[in-house]
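The lines below spell out each chain.
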Amino acid sequence: MTPIMIAALGLLMVGTAFLSGLFGMAGGLILIGVLLALMPLPTAMVLHAITQMASNGWRAFLWRTHIRWRPVANYMVGAAVALAAWSLTRYVPDKPVALLLLGITPFMARLLPANIKPDPDRLWQGTVYGTICMGLMLMTGVSGPLLDTFFLGGDFGRREKVATKAMCQLVSHFSKLIYFGGVIDQAATLDPVLAAVAIAASMLGTTLARRILEAMTDQQFVAWSMNLITTIACYYIAYGSWLLVRTPVLAAFDKGGLQ
C-alpha cells in the first residue's frame, strides 16, 4: 500500500476507534466494510483483528475497574467451542455474503422474543451467545450488535457495558487473528508498518472518546447506539445485495438482455 493509503487508513482507524470507544460498537462495523472493499477477505480480517485487539484491549485497560469478569468467562467458553468447530471446516465466505451478514446481524438481535431476557451471569447463556457471536466473527469480522443483547439482562451501566464487552471482543478478535492468520488454507500476511499504524490509531481514537463517554447519560448512549447501528446495517445490506447481483446484471447488459 502507498504511504497516502496507509495514512488515510490510519485516520479512518482513529475515527472508528473513537466511535467504538463511545458506544462499544459501530467502529469495527464501519472499518471491516472499508477493508473488505480494499483487500482480499483474509487480509482484511487479519488487519481488522489487529486493529480491534488494540482498540478493545486499550479500552478494557482504561475502564478496567468496570469489567464484570463472570460474563467474560461465560462468553469465552462459547467462543472456544465456535473456534474449534470452525477450524474443522475452514470456511471463508465471499465478500457479498460477508457484507449481507454484517447488515442482517443487528436486526437478528432485535428479533429476539421480548420474553427471552439474556442473563450474562449464567454459564449456559454465555456459552450460547459466545458460540453464535464467535461464528459471526469468523464470517463477517464483527459480532458487536448481537453481543450487545448478551448484556441486556444484566444490571450494566454504560461504563460496565463498554468495559466488559471490550474484554469479550478482545478474546473474539484474537481468535479471529489465529483463524485467518494461520488456520485457513489461504492464511493472510500483513505489512508490519500498516499493523503498527493500526495499533497506534486505535489506541488514540479510544483515548479521545473517554471524556465524551463520561459526559453522556445512559439514555443518550442507548439512543445514539441504536440509530448509528441501524444506519450502518442498512448500508451494508444494500451494498452486499448490489455485489451479489452486479455480475449477472452487468453480464445481461453486455449480452443485450436488458434495454
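Residues numbered from 1 in each chain as written. Predicted model: local features only at pLDDT ≥ 70, side-chain atom pairs only at ≥ 80, totals over all residues. Heavy atoms only, no water.

K.L.:
So what exactly am I meant to see when it comes to the overall build of the protein chain here?
P.N.:
Per the secondary structure count, the protein chain includes 10 helices and 0 strands. A separation threshold of at least 6 residues defines the contact pool for the protein chain, and within that pool the share at least 24 residues apart is 84%. A total of about 11900 Å² of accessible surface is found on the protein chain, and carbon and sulfur atoms cover 69% of it. (Helix = DSSP H or I, 4+ residues; strand = E, 2+ residues; numbered from the N terminus. Contact = heavy atoms within 4.5 Å. Areas by Shrake-Rupley, 256 points an atom, 1.4 Å probe, with all protein chains shown as cover.)

K.L.:
Hey, could you run me through the pattern of salt bridges in this one?
P.N.:
Proximity of charged atoms lets side chains of opposite charge pair with each other. Under the definition given, this model contains 2 salt bridges. A salt bridge links Arg68 to Asp121; the shortest N-O distance between them is 3.8 Å. A residue pair is termed long-range when its members are at least 10 positions apart, and Arg68 in the loop between α3 (41-62) and α4 (69-89) and Asp121 in the loop between α5 (95-110) and α6 (123-140) qualify at 53 residues. When its relative accessible area of 28% is taken as the criterion, Asp121 is described as partly exposed. Here Arg68 and Glu160 are joined by a salt bridge, their closest N and O atoms 3.5 Å apart. On the criterion of sequence distance, the pair formed by Arg68 in the loop between α3 and α4 and Glu160 in helix α8 (residues 158-183) is long-range, its members being 92 residues apart. Arg68 sits in the partly exposed class, given a relative accessible area of 22%. Among the charged side chains, a network of salt bridges with common partners joins Arg68, Asp121 and Glu160. (Salt bridge = Lys/Arg side-chain N within 4 Å of Asp/Glu carboxyl O. Buried < 20%, exposed > 50% of the residue type's maximum accessible area, 1.4 Å probe, protein only.)

K.L.:
So what exactly am I meant to see when it comes to the nonpolar core here?
P.N.:
Taken as a class, soluble globular proteins show a tendency for nonpolar side chains to be buried jointly. Of all hydrophobic cores here, the largest spans 67 residues; its most connected members are Leu36, Leu102 and Phe180. What Leu36 contacts, discounting residues up to four positions off in sequence, is Leu41, Ala44, Lys95, Ala98, Leu99 and Leu102. (Core = buried A, V, L, I, M, F, W, Y, C linked by side-chain atoms within 4.5 Å.)

K.L.:
When you look at the confidence of the model for the protein chain in this model, what are you seeing that I'm missing?
P.N.:
The predicted coordinates of low-pLDDT regions are not to be read in fine detail. Residues with a pLDDT of 70 or more make up 86% of the protein chain, whose mean pLDDT is 80. Of all secondary-structure elements in the protein chain, the lowest mean pLDDT belongs to helix α7 (residues 144-150), at 69, while α4 reaches the highest, 89. (pLDDT = per-residue confidence, 0-100.)

K.L.:
Explanation requested: the packing of aromatic side chains in the structure shown.
P.N.:
The geometry of an aromatic ring pair comes down to the distance between the two centres and the angle between the two planes. Overall, the coordinates contain 4 aromatic pairs when judged by the stated rule. For the pair Tyr179 and Phe180, a centre-to-centre distance of 5.0 Å together with 85° between the ring planes defines the contact as edge-to-face. By relative accessible area, which is 0% here, Tyr179 ends up buried. An aromatic cluster is built from Tyr235, Tyr236 and Tyr239, whose rings are joined through pairwise contacts. Positioned above the aromatic ring of Trp63, the side-chain terminus of Arg210 is 5.0 Å from the ring centre. (Phe/Tyr/Trp six-rings, centres within 6.5 Å; stacked < 30°, edge-to-face > 60°. Lys NZ or Arg CZ within 6 Å of the ring centre and 35° of its normal.)

K.L.:
I'm lost on α3 in this one. Help?
P.N.:
An α-helix turns once every 3.6 residues. As a result, residues three or four positions apart point the same way. For α3, with 22 residues, the first-to-last C-alpha span of 31 Å sits near the 32 Å given by 1.5 Å per residue. Of all 22 residues in α3, 17 are buried; the element is thus mostly enclosed. (Expected span 1.5 Å × (residues − 1).)

K.L.:
Can you walk me through α4 in this structure?
P.N.:
Here α4 is 21 residues long and its end C-alpha atoms lie 31 Å apart, about the 30 Å a rise of 1.5 Å per residue gives. One or two steps after α4, the chain reaches Arg90, where phi turns positive at roughly 55°.

K.L.:
What is the right way to read the environment of Leu146 from this model?
P.N.:
Its location among the elements puts Leu146 in helix α7. Residue classification places Leu146 among the buried positions, given a relative accessible area of 7%. Considered as a pair, Leu146 and Pro106 are 40 residues apart in the sequence and their alpha carbons are 6.0 Å apart.

K.L.:
Would you explain a nonpolar patch on the surface in this entry?
P.N.:
Together, Met1, Met5 and Leu38 give the surface a local cluster of nonpolar side chains, amounting to about 270 Å² of exposed area. By secondary structure assignment, the location of Met1 is in the segment before α1 (3-23). (Patch = residues over 30% accessible without salt bridge, like charges linked within 9 Å, V, L, I, M, F, W, Y side chains within 5 Å.)

K.L.:
Hey, could you run me through the environment of Trp63 in this one?
P.N.:
Following the sequence through the fold, Trp63 ends up in the loop between α3 and α4. Here Trp63 falls in the buried class, since its relative accessible area comes to 3%. Considering only alpha carbons, one finds Trp63 and Arg210, 147 residues apart in sequence, at a separation of 9.1 Å. For Trp63, the contacting residues outside a window of four places in its chain are Arg159, Val162, Ala163, Arg210, Leu213 and Glu214.

K.L.:
Please clarify how the state of the cysteines should be interpreted in this entry.
P.N.:
Note: disulfide means a covalent bond formed between the sulfur atoms of two cysteine side chains. Under the defined criterion, the tally for this structure stands at 0 disulfides. Looking at the unpaired Cys133, the closest cysteine sulfur is the one in Cys168, lying at 8.6 Å. Note on Cys133: relative accessible area 0%, which makes it buried. Residue Cys168 is classed as buried on the basis of its relative accessible area of 0%. (Disulfide = S-S within 2.5 Å.)

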